[in-house]
Each structure stands twice: as C-alpha cells, then as structure tokens.
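In case you want the letters, here they are:
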Amino acid sequence: MADKRNYIIYTFSWDENIGGVIFMHNLVHELNRLEERAFLWKGAPIYNRGRRQRLRNWLRPQPMLTNPLLDTPIAHRRDLSADSIVIYPELVQGNPLKARNVVRWLLYKPDLLHPSSFGPDEMFFRAGAMSDVPDITGGAPDLHLWKINPAYRNENRPDRKGVCYMVRKGKDKPRIPETEAPDAIRIDGLSHAEINDIFNRCDTFYSYDEATMYSQFAAICGCTSVVVPGMFASREEWAGQHPNGRLGIAYGTDPAELDHARATRHLLLQDLQRKEEESLETVRNFVTLTRRRFWA
C-alpha cells in the first residue's frame, strides 16, 4: 500500500504582497526539499466585503495560483487521507477538511480569537511571539520562513527625496502629517519591482503596519524606515514581539529612533541572512514534532 502520510497546507493563491500566503507556500516548498510529501490545498475564500461581491466570486471561482520558482504541487482529493497532517492558518475557522491530524499555524494575532475557533486536539505553531495566544496554545513553538526578497536592493541613487508609506494592517491608526503631504507615495498593492523603485527614490518610508517585512525591504534599499507606533508602549516592547525590527528600523519619529535606524541599517541584511538559516531549523523542528505527535 502506498504511504499516505503527507502534509497538506490549506491556503490561498500565491500573492507576493501577503506575508502569510508567502509563508504557507514556502512551507510546502521547504517540506518537499526535506523529502517530505507536501501539497497545497486551495482554501475557500474568506470574504469581508458585501453580499454582491461574495456572490460574484462564488459564481466565478478562480484557479489556485502558485509561484513557479517553488515546489508546491496542488493536492487532489485522493491525497487527503486519515494519515494526512493538515495545516490551517489561524484565520480559518474550524476544520473544513475534517482532518484527523490538525496543525494550526498562528501567522498573525487577530483582534478577536476564541478557543472555539479551534479543535480540542489541534497542534499549534506560531510565526512569532506576537502571534501566540498562550492561554489557548500553552505556548506554541516557532515556525517561520523569513526570506530575503531578491527584488530589493540599494541602487545608491544620489538624488533621494520625499516620503513613501504603507497602511495595510494599520488602517485604523490616525494618520501622521508626514504621510498626508500631497507628494507622499502610498505603496499598498504595488508590485515588488515598483516598490523597489520607489524605495530607491525616496528618503523615508513610514509603515502604519507594525508587522510587515516591507519595513526591512525599505531599509535594505537605503530608506530611513519608520514604523508608526500604536500597538506598543515602547521600542523595547515592540521589538520583543518583532525581533526582525531590532536593526535598521525606527519605532516612531523621535530623533534618537531615526538615528538608530540609520546607524544600524548596514547590519540588517546580515541579520536577515542569519534568520533565513534559523527559519530552516524551525521547519526541521516542525517535522520532528509533528511526526512524533501524529505518526509515532
């Protein structure tokens, strides 16, 4: 009988602008590189728009998009067995595939989260300390896949000027004057190539989203990268939840923070390369723990 043990990652079409989707597609890729059997499963859309838009999407289902540079085969119904380990992100409610072996990957801590969102026998992993809910998980081990996007580089242009900014998950924050200027460039929804060009033209980047890799990408390109505060009382508290922000990024616009961002910017790339290696270790640990839990 063929071995039915595999990993099935329930996620959504590839989108180069959504960190959680990038993580999940890369998990399939890295598991296959470790000679495990891993597949993508096209998740049902999660809507937060009006009824008419939901109906339009239901009538015109979209194919599952993948990144051709990654080893991410799409699962068929026959690939789902009683031995499969199914990985859901935290925003998926319940267990749509009725899997026996369920892993819940906490990629971002939502505003509202209740134990009833998850099953009683699920195994938890977290993308970082901010994502964990210890009262529910008992303290989840790390699973993250930080990658240095090759689209971003410092072109050392001599005529940098102006401001760019991103809103994303910071949509409810009050706007600061720097991003309200008529010539401030909002980069939400642009391609990586377009954003790299803007980062190399602008002097300063502001992120209302406190948990996005675009803050690091901006610093790699030579911008003064600033996170607009709001969720945490201090840099120390924020950096404790976002270790990738330790170097090259200002938490707020205090002059000392801006000096810190500029003075440590050159160390960021080396730090991210180290974190890439650490990420692969978290995948190996994930395999060890899930095999022990579900396939022992």
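A brief structural summary. (Residues numbered from 1 in each chain as written. Predicted model: local features only at pLDDT ≥ 70, side-chain atom pairs only at ≥ 80, totals over all residues. Heavy atoms only, no water.)

With that settled, consider the overall build of the protein. Each helix and strand in the protein was counted, giving eight helices and 10 strands. Over its C-alpha atoms, taken along the principal directions, the protein stretches across nearly 65 × 45 × 35 Å. Scored against the burial criterion, the 296 residues of the protein give a buried share of 47%. Relative to all contacts within the protein whose residues are 6 or more apart in sequence, the contacts with residues 24 or more apart total 60%. Accessible surface computed for the protein: about 15,500 Å², of which carbon and sulfur atoms make up 52%. (Helix = DSSP H or I, 4+ residues; strand = E, 2+ residues; numbered from the N terminus. Buried < 20%, exposed > 50% of the residue type's maximum accessible area, 1.4 Å probe, protein only. Contact = heavy atoms within 4.5 Å. Areas by Shrake-Rupley, 256 points an atom, 1.4 Å probe, with all protein chains shown as cover.)

What follows concerns helix α8 (residues 255-294). Approximately 55 degrees is the largest bend angle found in α8, and it occurs at R265. Here α8 starts with a cap whose side-chain oxygen sits 2.8 Å from the backbone nitrogen of A256, and that cap is D254. (Bend = angle between axes of the 7 residues up to and from the residue. Polar contact = N/O pair within 3.5 Å; in protein donor to acceptor, adjacent residues only side chain to side chain.)

Let's shift gears to the nonpolar core. Within the largest apolar cluster, 25 residues are counted, with the highest numbers of intra-cluster contacts made by Y7, L31, I87, W105 and F286. Every element with two or more residues in this core is listed here: β1 (7-11), α1 (19-33), β2 (38-42), β3 (85-89), β4 (101-106), β5 (123-126) and α8. If one sorts the elements of this core by residue count, α1 sits on top with five residues. Setting aside chain neighbours within four positions, we find L31 in contact with Y7, I9, E36, A38, V283, F286 and V287. Listed in part, the 19 residues of the second largest apolar core include I195, C202, F217 and L268. (Core = buried A, V, L, I, M, F, W, Y, C linked by side-chain atoms within 4.5 Å.)

In space, the five strands of this open sheet follow the order β7-β6-β8-β9-β10, with parallel pairing throughout. With one partner strand each, in any of the chains shown, β7 (185-186) and β10 (249-251) form the two edges of the open sheet. The sheet contact formed by strand β6 (residues 163-166) and strand β8 (residues 204-207) spans four bridges and is parallel. Paired with C164 across the strands is F205, a residue of β8. (Pairing = 2+ DSSP bridges.)

Before going further, it helps to spend a moment on the packing of aromatic side chains. Tallied over the entire structure, the rule returns 13 aromatic pairs. Ring geometry for Y7 and F286: centres 5.6 Å apart, planes at 40 degrees, overall tilted. Within this pair, whereas Y7 is found in strand β1, its partner F286 is found in helix α8, the two being separated by 279 residues in sequence. Given the relative accessible area of 0%, F286 is considered buried. For the pair Y152 and F199, a centre-to-centre distance of 6.0 Å together with 40 degrees between the ring planes defines the contact as tilted. (Phe/Tyr/Trp six-rings, centres within 6.5 Å; stacked < 30°, edge-to-face > 60°.)

The subject of this paragraph is the packing of α1 against α8. Packing of α1 against α8 leaves a shortest axis separation of 11 Å and a crossing angle of 70 degrees. Classified by the interaxial angle, the pair formed by α1 and α8 is roughly perpendicular. Where α1 abuts α8, its residues L27, E30 and L31 lie against L280, V283, F286 and V287. Of the residues in the contact of α1 with α8, the class split is six nonpolar, no polar and one charged. (Axes fitted to C-alpha atoms, helices over the stretch in contact; angles between N-to-C directions. Parallel < 35°, antiparallel > 145°, perpendicular 65-115°, else oblique. Nonpolar A, V, L, I, M, F, W, Y, C, P; charged D, E, K, R; others polar.)

This brings us to the pattern of salt bridges. By the definition in use, this model includes 22 salt bridges. For R33, the salt bridge identified is with E30, shortest N-O distance 3.2 Å. You can see R33 and its partner E30 sitting in helix α1, three residues apart, about one turn around the helix. On the accessibility criterion, R33 (55% relative accessible area) is exposed. Judged by its relative accessible area of 4%, E30 is buried. (Salt bridge = Lys/Arg side-chain N within 4 Å of Asp/Glu carboxyl O.)

This part covers the environment of L106. Relative to the assigned elements, L106 resides in strand β4. Residue classification places L106 among the buried residues on the basis of a relative accessible area of 1%. Each C-alpha atom of the pair L106 and F124 lies 7.3 Å from the other, and the pair is 18 residues apart in sequence.

A few words now on the pairing of β3. By the criterion of burial, β3 is predominantly enclosed, with five of the five residues buried. Of the two faces of β3, the one lined by I85, I87 and P89 and the one lined by V86 and Y88 are each fully buried. Relative to β3, β1 runs parallel, the two sharing three bridges. Following the sheet pairing, Y7 is matched in β3 by I85.

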